[in-house]
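# Structure assessment
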Amino acid sequence: MVDEDPNWRVWMVAAQAGDARAYAALLGAALPWLRRRARSRWPYSNAADIEDMVQETLLALHQNRHLYDPTRPLAPFLFGILKLRGADVRRRRQRHAGHETAIEDVPVTFSGLITNETQESDSDRAVMLAAIAELSERDRMVLELLKVRQLSLREAATQTGMSIVALKVATFRAMQRLKAVMKGSHPDAN
Amino acid sequence: MQTEDLITSLTQNLPPVRRASSPSALLLRWLLITAPVLVLVVWIMGPLPSLTTQITQPRFIRAELLAGVTCLVSAYAAFSAGRPDEPAWKLWLPFIAFGLWLAELGRQCFVLSVQTKGAALVLHTDFMCIPAIALAGLIPALAMVWFLRRRAAFRLTHASLCGAMAAAAAAEVALPLFHAAETMMMVLVWQMGSVVLFTMFAAACGRFILTKPAII
């Protein structure tokens, strides 16, 4: 660690005492040094990862300023944080890398990335509304109250005058008939 | 966020900080809590009647010394692990001390087994070792957690592993003074096994203990 500026230790001691200007001077001076050390330690990491490691180091330094012992040089302290936080960043990257697929160059006709937010749900909804229309008045009412408007059983019982048990049974049967209609068979088949 | 912007935000409203104590100062404070607790535990449990003759035996003294050295070195390593600029050799020193301690007990076990024609190798169940070590090591372990939660910011798993080894070794220094093992094999399996068990447990959940909101 021969490349440590003698001012670093002075600035760090002042930063521990709350001197923001000395702290800014220290971080500004240490930034290119940290980038250089990170690049030489992890030569195969990309620029974004190196910058993440440097930022994590600066944050950890800020949170642990109290751990620095002024009788010691500052560079090993900074480099120690860089090693530990850099290793954390790399571990995190490797953990996430298994779930990611890097796409370098996407052809203009590639359809895999086209967002299709509503088309499927719209068509499903249309099929279901058509199926509900084929059900009896009573089934439609039960499904309307409990599934579409999502009332509680107690509220639906109050509105219809039916008991909760009767409502449960009616809902179950209405759902069975709805499934049958959506599959294409007649609602009264079962 | 750009790193230059991060630096600007970090340097705004910078409060002064109180410097953390050095690992040796923390070790001294921990010992000031641990030593009286161990003396108290031995006094409450009642020292062995044969203690006066035992403490004159070189093998007893060697085992106690190595347990003590493991305890001190482990505690120092635990307090050092939380600082980023401590060299790696300091952090691995407890394992050397523990290895020497284990080797000495193994040597004693071997020598005694030859002298007693295998009698030293007899192994019974002695579940008392686990609660006895837990009891003797409880306060040292809690003190260690208290110190580490306030000082350690890096290598938390290593810090908790060394801290647990220190507390277990401290308990193991006190244990032979009030709890007699029948054979050397029982010392190796039950007493050292308990030390390893507590150390492994702390290593497994140390990060959780040291980072979750305070319970002590």
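Residues numbered from 1 in each chain as written. Chains lettered and ligands numbered in written order. Predicted model: local features only at pLDDT ≥ 70, side-chain atom pairs only at ≥ 80, totals over all residues. Heavy atoms only, no water.

### Quick word on the overall build of chain A
- Within chain A, the regular secondary structure consists of eight helices and zero strands.
- Shown N-terminal to C-terminal, the secondary structure of chain A runs as helices and strands in the order α-α-α-α-α-α-α-α.
- Among the 190 residues that make up chain A, the fraction classed as buried is 33%.
- In chain A, the proportion of contacts linking residues at least 24 apart, taken out of those at least 6 apart, comes to 62%.
- With an accessible surface of roughly 12000 Å², chain A has 52% of that area assigned to carbon and sulfur atoms. (Helix = DSSP H or I, 4+ residues; strand = E, 2+ residues; numbered from the N terminus. Buried < 20%, exposed > 50% of the residue type's maximum accessible area, 1.4 Å probe, protein only. Contact = heavy atoms within 4.5 Å. Areas by Shrake-Rupley, 256 points an atom, 1.4 Å probe, with all protein chains shown as cover.)

### Details of the interface of chain B and chain A
- Across the boundary between the two partners, chain B contributes 25 residues, which contact 34 residues of chain A.
- Counting each side, the surface lost to burial between chain B and chain A is near 2500 Å², with a carbon and sulfur contribution of 64%.
- Per-residue buried area on chain B facing chain A is highest for B:Leu14, B:Arg19 and B:Phe154; these three make up 24% of the total on that side.
- Our count for the contact surface shared by chain B and chain A stands at 10 residue pairs in polar contact (both at pLDDT 80 or more).
- Examining the composition of the side of chain B that touches chain A, we find that five residues originate from one element, helix 1 (residues 3–10) of chain B, more than from any other.
- For the side of chain B that touches chain A, the residue count by class is 12 nonpolar, four polar and nine charged. (Buried area = accessible area lost by both parts, 1.4 Å probe. Polar contact = N/O pair within 3.5 Å; in protein donor to acceptor, adjacent residues only side chain to side chain. Nonpolar A, V, L, I, M, F, W, Y, C, P; charged D, E, K, R; others polar.)

### Considerations on helix 1 (residues 6–16) of chain A
Residue and element names in this part refer to chain A.
- For helix 1, the full list of buried residues reads Trp8, Met12, Ala15 and Gln16. What you see down the axis of helix 1 is that its buried residues fit within an arc of 95°, all on one side. The exposed set on the far side of helix 1, more than 90 degrees from its buried face, consists of Pro6 and Val10.
- Elements that come into contact with the buried residues of helix 1 comprise helix 2 (20–41), helix 3 (47–63) and helix 4 (74–97).
- Capping the start of helix 1 is the job of one residue whose side-chain oxygen sits 2.8 Å from the backbone nitrogen of Asn7: Asp5.
- In the segment just after helix 1, Gly18 is the residue with positive phi, at about 100°. (Arc of directions from axis to C-beta.)

### Some points on the side chain of A:Arg65
- Tracing the backbone through its elements, the reader meets A:Arg65 in the loop between helix 3 and helix 4.
- Of the side chains bearing the opposite charge, A:Asp19 lies closest to the buried A:Arg65, which forms no salt bridge; the N-O distance is 11 Å.
- Side-chain polar atoms of A:Arg65 contact the backbone oxygen of A:His62, separated by 2.7 Å.
- Engagement of the side chain of A:Arg65 in a polar contact is seen with the backbone oxygen of B:Pro15, the distance being 2.8 Å.
- Sequence-distant contacts of A:Arg65, that is, excluding residues within four places in its chain, are made with A:Met12, A:Ala15, A:Gln16, A:Tyr23, B:Leu14, B:Pro15 and B:Val17. (Lys, Arg positive; Asp, Glu negative; His and termini not counted. Salt bridge = Lys/Arg side-chain N within 4 Å of Asp/Glu carboxyl O.)

### Considerations on the confidence of the model for chain B
- Looking at chain B as a whole, its pLDDT mean stands at 83, while 90% of the residues score no less than 70.
- Least confident of the elements in chain B is helix 8 (residues 184–211) of chain B, whose mean pLDDT is 75; most confident is helix 4 (residues 58–81) of chain B, at 92. (pLDDT = per-residue confidence, 0-100.)

### Describing the pattern of salt bridges
- Taken as a whole and judged by the stated rule, the model has 14 salt bridges over all chains.
- Residue A:Arg72 is joined to B:Asp85 by a salt bridge in which the shortest nitrogen-to-oxygen separation is 3.5 Å. Of this pair, A:Arg72 sits in the loop between helix 3 and helix 4 while B:Asp85 sits in the loop between helix 4 and helix 5 (88–115), on two different chains.
- Note that A:Arg140 is salt-bridged to A:Glu137, the shortest N-O span being 3.1 Å. Here A:Arg140 pairs with A:Glu137, and both are found in helix 6 (residues 137–148), just three residues apart, close to one helical turn.
- A relative accessible area of 60% places A:Glu137 in the exposed class.
- A network of salt bridges, in which partner residues are shared, links A:Arg72, B:Asp85, B:Glu86 and B:Lys90.

### A word on helix 2 (residues 23–45) of chain B
- Taking 1.5 Å per residue, 23 residues should reach 33 Å; helix 2 of chain B reaches 32 Å between its end C-alpha atoms and fits that length.
- The positive-phi residue at the C-terminal boundary of helix 2 of chain B is B:Gly46, with phi of around 90°. (Expected span 1.5 Å × (residues − 1).)

### Concerning the nonpolar core
- Core analysis: the biggest nonpolar cluster contains 50 residues, and B:Trp30, B:Ala75, B:Phe79, B:Trp101, B:Met144, B:Leu148 and B:Phe178 have the highest contact counts within it.
- Sort the elements by how many residues they give to this core and helix 7 (residues 156–178) of chain B lands first, with 14 residues.
- Setting aside chain neighbours within four positions, we find B:Leu148 in contact with B:Ala78, B:Phe79, B:Ala159, B:Ser160 and B:Leu210.
- Among the nonpolar cores identified, the runner-up in size contains 34 residues, and A:Ala15, A:Ala38, A:Val54 and A:Ile81 belong to it. (Core = buried A, V, L, I, M, F, W, Y, C linked by side-chain atoms within 4.5 Å.)

### Details of the confidence of the model for chain A
- Summing up the model confidence of chain A, the mean pLDDT is 82 and the portion of residues at 70 or higher is 84%.
- The least confident element of chain A is helix 5 (residues 119–133) of chain A, whose mean pLDDT is 73; the most confident is helix 2 of chain A, at 90.

### Some remarks on the packing of aromatic side chains
- Enumeration over the complete set of coordinates arrives at six aromatic pairs over all chains.
- Centre to centre, the rings of A:Tyr68 and A:Phe77 are 5.5 Å apart; their planes meet at 70°, and the pair counts as edge-to-face.
- For the ring pair B:Trp92 and B:Phe95, a centre distance of 5.1 Å and an interplane angle of 40° mean the geometry is tilted. Here B:Trp92 pairs with B:Phe95, and both are found in helix 5, just three residues apart, close to one helical turn.
- Taken together through their ring pairs, the aromatic side chains of B:Phe79, B:Trp146 and B:Phe147 make up a single cluster.
- One Lys or Arg, A:Arg65, reaches over the ring of A:Tyr23 and ends 5.7 Å from the middle of that ring. (Phe/Tyr/Trp six-rings, centres within 6.5 Å; stacked < 30°, edge-to-face > 60°. Lys NZ or Arg CZ within 6 Å of the ring centre and 35° of its normal.)

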